[in-house]
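Each chain, written out:
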Amino acid sequence: MTRITATEGNDIFWIFEDGTSNEFFNWIWTSSPLGRLRVLIESVVKARSFKTKYHIDVDFEVPKKIPWYYAPLFASFWLALYLAIVVTQINHLPDALNRKDEANHPEAFISERAEMQLINLSRIGPRVVGSAANEVTAVEFLTQQIEDVKLQASDYFQFELDVQLATGSYMHWSMVNMYQNIQNVVVKLSAKNSTSENYLLINSHYDSVPGSPGAGDAGSMVVVMLEVMRVISKSQGPLEHPIIFLFNGAEENPLQASHAFITQHKWAKNCKALINLDAAGNGGREVLFQSGPENPWLMRYYRDVPHPFATSMGEEIFQAGIIPSDTDFRIFRDYGGVPGFDMAYIFNGYVYHTEYDRVNIVSKQSLQNTGDNVLALAKGVANAPEMRNPQEHAEGHVIFYDFLGWFMVFYTKNTGVIINVVVCIVALLAIAVSLFFMTARSGLTWKAVISRYLTIFAIQIVSLALAAGLTMLVATFMDGVGRPMTWFSETWLLIGLFFCPMFFGMGILPAYYLEKTKKDKLSLGFRIQLFMHSHCLFLIILTIVMTAIGLRSSFMCMMAVLFDITALIINLITKWHRKAYWFAIAAMVCQILPFLYYTSIAHATYMTMLPMTGRSGSASNPDVLMAGIAVFMTILFAGFIMPLFLFFHKTRTIIYSFLAITILFIIIAVTPAGFPYKAKTATQRYSLIHAERTLHNADGSIRLQESGIYVYPQDRRINSVDEYIKIIGEKHKISEYCDVEMFCGMPLYNHRWHKARERSFWIPIEEKPNLPGAKPALTLMNVYPLDSSSRKRYEFKLVGPDHMTIFIGLQGEAKITDWSFNDTMIRDAWEQPYFIYFSYGKDELGSLDFTIDVEKSDGNFNVPVLEIGVGGHWIHQDKVRTPKYQQFVESFPDYASVNDWTASYESYLF
């Protein structure tokens, strides 16, 4: 309440008895709300005399800025919300159940049992395809565990066990992925009276990468499956539809065993739903990041799990190829049309695929979390009426997300479009109503208010562009000065490096604008509201665009619009929009839930993506990715919070403090405090191959033979070990060899190695590698003409280790018309040369027979027409390093994780 006193005299004196500064006189005179204040003032002016004082009490609040020292408290409030609720809830895990608890919880998942099984599985050591550990010991372990479960099962159930041995091939990325005699351990659990021919498939893999015990990836999921099988089989049902437990033995190869099952196994055609379990980390909460395709009914059963953690935004990120991984889910989807759930551990990805992926860092609480969810999901889907005829319920993609693990929200994509459109329309109407009231209360014309709104909207867009540009500039600068990934282990640096420049950019132009327009006829509160309306309009446009191009993640922007408009509607109904601080309070309260949600998504995204930058290669700047996440998330969670800083005194000083923090963090990041790696917990990854390569002429003579070390750095800091390389020899980029030799003339392990050729190195040394076995032997068995003199068939036999790469190129005008490999490359006329990845599992002979049909228009086969290169990789055999190579490996610092093996490469002309 403001009291205005008029006194007599030749001039009119206005005294603001609440202490308001007289600088607001002109503003009050011209901008009275609804014209009421102007009418009252004018009635006094027109009075014939001032015999007494006139006291005018007006229901109007002249906005006064809040003292600047409350701004840190305001910022601390949001930080406290993040730390106290988001971080706590993201890391929350249920209490683990032990075997002694089983009497009170007879149908519950017992994590202590799973932990004991994981300990025993991990004792086997690395389980690489082709090794005795994977093909014999692990299979024996699993079959024994399954037999133990059968002994505890009730009479309600029956078991069928099958150990599949399979051979096949398919296209994986840019190579033929070929396998021979790999294994799957498959269990069918069904009710004895079941007549259902529709099965639920639960899958995970027991193999691991070379050198890793594979406790997290994916031994943890294997033991979850075993315990879920035990709990279900001990019960008295019900189980309407059988469950297939697929323990696959070749996922890391990659994805060969799942392809073998879904394309060849006798039970594959009956599998109508899937729960795929994998890991890109070790421990924590497993996330549901892919569902479907289509079949929205599946989410009804995930909604009932006790510890939900899911987002369809993760599905779009994963399928966009941003994450350098793939899972069996894609194989079941693409080759079997099986819809379902793709769930994985994502936290602590620092140890993923390293020697530190050990059982001691897999907590029982984590196993309990996953076990509870998988058990509930398996029971729900296996008894779902939709499983009787899944095709009737197959239509429509689904949007899904949880809120801090407290509850699930899901709806179909079509429903999402409707929700997005309705929210955007309501938001536009609410903004229009707000502008109308501003016009009425300010005494300005609607054109004047619209003009100010358009001006502020332009400032808001420029502010967002400035904020994003500054953030990306920091990311580019850090990489340019040779300091990328400073946040890799010191995650707190993300705040100053990428979030503070966003805060500064989003706030500085509005602060200058309000300072320059402080005598504007439109009140401070209304101008700040216009900034919030401008940000809302930006998000409305973004929501519409994302919806139009079919992105389900548009719900992220829609939610921000929804909560902002909720605050606006509350303010309009209560008339708080007239009172700046009440408006701000309502806006602040309505931002709490979206702030919690968006910061939880940001936290989970960073905890997933941060470790992945340590193995995603060196071609792109990972700081740009981290900055991009900060840009998107800050626009969502801070877009309606930053304008509230404009209510404080010394606004520009407050906003500039964010820039000062950024500069301080940049300084810290370039000091030793910003060193990204830590021994065992956040290592720098290297793959090394001590190899010998031999290139032959057409007559069989050797044109090049040398030994060397192939160095494949897996992150951006490729020069970290240059000082150690200089000791052993001179490094050369792999790309230097690629212009003159097919696939660089190197024993590339897979297609990713070829993509990384610009940032991988070859160090020639004199020492030949100690190969654990004979080099691959490629023999031309026969050549004979086909239907014309211009076509011939070449028959080959290849014998070698259980992991080999085959490279096939053409000489001159020759053309391959057919071969015995997967025919996709030939049928679709891929550009040569061609890459075939070949591995075998339980195979004593270790041989591959293949044919290639070559056509040459001139019929001249007296000159070479084929070049074939063969790489042999001994990735799991015992290592006997040569002295100089041993010294080189040992010279790596303790923060490095080195995975090395020996290999050979030979090329031939035919």
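Above this text is the structure in question.
Novice: So what about the overall build of the protein? Which residues, and what values?
Specialist: Each helix and strand in the protein was counted, giving 24 helices and 24 strands. Along the first, second and third principal axes, the C-alpha set of the protein runs to 125 × 70 × 55 Å. Each of the 910 residues in the protein was classed as buried or not, and the buried ones make up 59%. Taking the intrachain contacts of the protein between residues at least 6 apart in sequence as the baseline, contacts between residues at least 24 apart amount to 80%. Charge centroids of the protein, computed over 75 positive and 85 negative side chains, lie 11 Å from each other.

Novice: Requested: an account of the sheet that holds strand β20 (residues 815–819), with residues and values cited.
Specialist: Two modes of strand pairing occur in sheets, parallel and antiparallel, and in both the strands are linked by backbone hydrogen bonds. Spatially, the 4 strands line up as an open sheet ordered β17-β18-β22-β20, and their pairing is antiparallel. Two strands close off the open sheet at either side, each with one partner strand: β17 (777–785) and β20. Ignoring strand direction, the axes of neighbouring strands in this sheet form an average angle of 30 degrees. Bridge count for β20 against strand β22 (residues 847–855) is 4 bridges, and the pairing is antiparallel. In the sheet register, Trp 819 faces β22, and the bridge partner there is Ile 852.

Novice: Quick one: what's the story with the packing of helix α13 (residues 446–480) against helix α19 (residues 651–669), residue by residue and with numbers?
Specialist: In the contact formed by α13 and α19, the axes pass within 12 Å of each other and the chain directions differ by 20 degrees. As summarised for this structure, α13 and α19 are arranged roughly parallel, according to the angle between their axes. Regarding α13 and α19, the two cross each other, and that crossing is right-handed. For the pair α13 and α19, the contacting residues are Val 474, Phe 477 and Met 478 in the first and Thr 662, Ile 666 and Ala 669 in the second. Here the contact of α13 with α19 is composed, by residue class, of 5 nonpolar, 1 polar and no charged.

Novice: Describe the packing of aromatic side chains, naming the residues involved and giving the relevant values.
Specialist: What the rule picks out here adds up to 58 aromatic pairs. Arranged with centres 5.5 Å apart and planes meeting at 45 degrees, the rings of Phe 504 and Tyr 656 form a pair that is tilted. A residue pair is termed long-range when its members are at least 10 positions apart, and Phe 504 in helix α14 (residues 493–516) and Tyr 656 in helix α19 qualify at 152 residues. Given a relative accessible area of 35%, Tyr 656 falls into the partly exposed group. Here the aromatic cluster, defined as three or more aromatic residues joined through ring pairs, consists of Phe 74, Phe 77, Trp 78, Phe 499, Phe 503, Phe 595, Tyr 606, Phe 637, Phe 645, Phe 648 and Phe 658. Seen from the ring of Phe 309, Arg 285 lies directly overhead, with NZ or CZ sitting 4.2 Å from the centre.

Conventions used here
Residues numbered from 1 in each chain as written. Predicted model: local features only at pLDDT ≥ 70, side-chain atom pairs only at ≥ 80, totals over all residues. Heavy atoms only, no water. Helix = DSSP H or I, 4+ residues; strand = E, 2+ residues; numbered from the N terminus. Buried < 20%, exposed > 50% of the residue type's maximum accessible area, 1.4 Å probe, protein only. Contact = heavy atoms within 4.5 Å. Lys, Arg positive; Asp, Glu negative; His and termini not counted. Charge placed at Lys NZ, Arg CZ, Asp CG, Glu CD. Pairing = 2+ DSSP bridges. Axes fitted to C-alpha atoms, helices over the stretch in contact; angles between N-to-C directions. Parallel < 35°, antiparallel > 145°, perpendicular 65-115°, else oblique. Left-handed = near helix turned anticlockwise from the far one by under 90°. Nonpolar A, V, L, I, M, F, W, Y, C, P; charged D, E, K, R; others polar. Phe/Tyr/Trp six-rings, centres within 6.5 Å; stacked < 30°, edge-to-face > 60°. Lys NZ or Arg CZ within 6 Å of the ring centre and 35° of its normal.

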